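# Chains, contacts and geometry: an overview
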Amino acid sequence: MLKRVVITLVIFLLAACSEPVAETHLGQIKQKDKVRIGTLAGESTYYISANGELGFEYELAKAFANFIDAELEIIPFFSIKDMLNKLEKGQIDILASGLTLNKSRLNKYRFAPQYRSISQKLVYKQGRKRPRNFSQLDAPVTVIAKSAHAASLLKAKANFENLQWVETEEFDEAELLQGIIDGKFDYTIADSHTLALFRRYHPELSIAFSVTREEPVAWMLQQNDDDSLYAMAIEFFGYARSTGLLQNLEEKYFGHVRQFNYINTLAYIEAVRDVLPKYRDWFKQYSRSLDWRLLAAVSYQESMWDPRAKSPTGVRGIMMLTLPTAKSVGVKNRLEPEQNIRGGGIYLEKLINRVPERIKEPDRTWLALAAYNVGFGHMEDARVLTEKAGGDADKWADVKKHLPLLIKKRYYRQTRYGFARGDVAVKYVDNIRRYYDTLVWLDENQDE
């Protein structure tokens with residue numbers, strides 16, 4: 001008995017004197033109830049709007065924090081170098097900033113699963129002679145220091161000996177693009193998704209050529225032997241794909257900007273300056289519960305703000321109302337712009353209110369916009385087709401794929417309302433979203 005007591009006491013003393021077992025990285029996060037995620041501040045990653053914090057990477061990071069049941073501490077950076085230093089020192093847990101995988105980074109950091117792909121574009125200002133490759137540049141390229149863009153130029157130097165560039169830590173990607181417009185820089189390199197967002201209100205930016213093909217994008221973690229956080233990141237991205245989270249975020253932030261039309265964008269910006277002031281007060285007055293800029297964007301898509309517009313099918317006026325719709329919202333003269341705008345505001349609000357309450361914004365509005373174009377019944381038919389195909393009928397990203405099926409007999413014969421130009425409705429919604437985004441930016445920056 002005494003021997004057993006002595007052995008137990010020895011074991012206790014040894015345990016008390018020994019070093020505590022180090023917690024895993026994930027365990028430390030759980031203990032602090034906080035995950036620190038760093039990102040570059042920018043429209044494609046993280047920014048603060050009138051409606052609070054937004055951005056593709058921010059929403060993805062927020063979803064990850066919820067997934068691991070921890071609070072999110074988002075840490076915005078304005079320098080890639082600073083961001084990488086913080087990761088190496090363990091002062092942040094993850095970098096979520098649309099960063100591409102390349103050889104130098106793979107040797108130093110650990111990457112979570114790929115969730116997007118982007119390409120790098122050489123950018124210059126419209127009006128300058130377009131270079132077709134690096135040998136035709138007549139000035140240096142300005143890029144962010146320590147960026148993948150700088151790495152691409154270093155790689156290209158092997159084939160283009162005269163290639164010159166300047167690396168800077170003073171500007172972010174958006175500021176470099178603005179510098180091209182202002183004539184401060186001759187050339188820069190931008191990621192395809194950032195450029196697509198920026199060109200909505202700066203169509204004078206032109207693409208010379210693609211510097212890279214599509215490259216994988218992934219979150220970055222410290223390179224060490226602790227697999228706990230890395231394993232959870234793998235599990236999270238599997239969840240994000242299977243639940244449609246990634247697809248919905250991709251659609252929300254980038255789904256409407258994949259196509260760019262220089263003439264159309266330039267014409268719209270000129271119309272905002274020259275034509276919109278005639279009707280702005282009415283859009284504001286009759287927008288009801290809506291953002292007046294959304295109502296104005298719908299009107300531009302419908303008529304290009306022409307109060308006498310008329311289609312072959314008989315819709316008329318600045319909001320292009322059908323005769324039955326006009327009567328239902330109290331519009332007696334569709335060619336009278338104030339009446340037409342008032343009626344359009346009432347009608348669009350009614351459509352949004354008809355969308356099931358469980359559907360959250362922004363999907364609720366995008367579905368209503370499709371209904372404005374193709375009719376509420378056809379929009380509901382597309383939702384039924386979406387559900388039959390195993391998609392989420394409450395998500396625009398899924399319904400958008402099935403609306404074009406309404407032009408095919410084998411699909412529309414299954415529906416209640418039959419044939420419809422669902423493909424046109426998809427383009428219609430994308431256009432309005434671009435016009436709206438551009439108008440918001442122009443409206444909020446007009447005094448700068």
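The coordinates are above.
Here's a quick rundown of the structure. All values reported here derive from a predicted model rather than from experimental measurement.

### Some words on helix 4 (residues 80-88)
- Those residues of helix 4 lying buried are Ile80, Met83, Leu84 and Leu87. What you see down the axis of helix 4 is that its buried residues fit within an arc of 95°, all on one side.
- Capping the start of helix 4 is the job of one residue whose side-chain oxygen sits 3.3 Å from the backbone nitrogen of lysine 81: serine 79.
- With its phi angle positive at about 75°, glycine 90 sits one or two positions after the end of helix 4.

### A word on the pairing of strand 8 (residues 120-125)
- Within strand 8, five of the six residues are buried, which leaves the element mostly enclosed by the surrounding structure.
- In the sheet, strand 8 pairs with strand 11 (residues 187-191) via four bridges, with the strands oriented antiparallel. Paired with leucine 122 across the strands is isoleucine 189, a residue of strand 11.
- With five bridges connecting them, strand 8 and strand 12 (residues 205-210) associate as antiparallel partners. When the sheet's bridge partners are listed, lysine 125 is paired in strand 12 with leucine 205.

### What to know about the environment of serine 289
- The topology assignment puts serine 289 in the loop between helix 12 (280-285) and helix 13 (292-303).
- Classification of serine 289 as exposed rests on a relative accessible area of 59%.
- Along the chain, serine 289 and serine 311 lie 22 residues apart, while their C-alpha atoms are 28 Å from each other.
- In terms of polar contacts, serine 289 uses its side chain to reach the side chain of glutamate 349, at 2.5 Å.

### Let's talk about the sheet that holds strand 12
- Spatially, the five strands line up as an open sheet ordered 10-9-11-8-12, and their pairing is mixed. At either margin of the open sheet sits one strand with a lone partner, and together these are strand 10 (165-168) and strand 12. On average, adjacent strands in this sheet sit at an angle of 35° to one another, irrespective of strand direction.
- Relative to the sheet, helix 7 (residues 173-182) contacts strand 8, strand 9 (141-144), strand 10, strand 11 and strand 12, its axis offset from that of strand 11 by approximately 140°.

### Digging into the pattern of salt bridges
- As enumerated under the stated definition, the model contains 23 salt bridges in all.
- The salt bridge involving glutamate 43 is made with arginine 200; its shortest N-O contact spans 2.4 Å. Of the two residues, glutamate 43 sits in the loop between strand 1 (34-40) and strand 2 (47-49) while arginine 200 sits in the loop between helix 8 (192-198) and strand 12, which places them 157 residues apart along the sequence.
- For glutamate 43, a relative accessible area of 31% translates into the label partly exposed.
- Linking arginine 288 and glutamate 349 is a salt bridge whose minimum nitrogen-to-oxygen distance equals 2.6 Å. With arginine 288 in the loop between helix 12 and helix 13 and glutamate 349 in helix 15 (residues 337-354), this pair connects stretches of sequence that are 61 residues apart.

Reading guide: rules and limits
Residues numbered from 1 in each chain as written. Predicted model: local features only at pLDDT ≥ 70, side-chain atom pairs only at ≥ 80, totals over all residues. Heavy atoms only, no water. Buried < 20%, exposed > 50% of the residue type's maximum accessible area, 1.4 Å probe, protein only. Helix = DSSP H or I, 4+ residues; strand = E, 2+ residues; numbered from the N terminus. Arc of directions from axis to C-beta. Polar contact = N/O pair within 3.5 Å; in protein donor to acceptor, adjacent residues only side chain to side chain. Pairing = 2+ DSSP bridges. Axes fitted to C-alpha atoms, helices over the stretch in contact; angles between N-to-C directions. Contact = heavy atoms within 4.5 Å. Salt bridge = Lys/Arg side-chain N within 4 Å of Asp/Glu carboxyl O.

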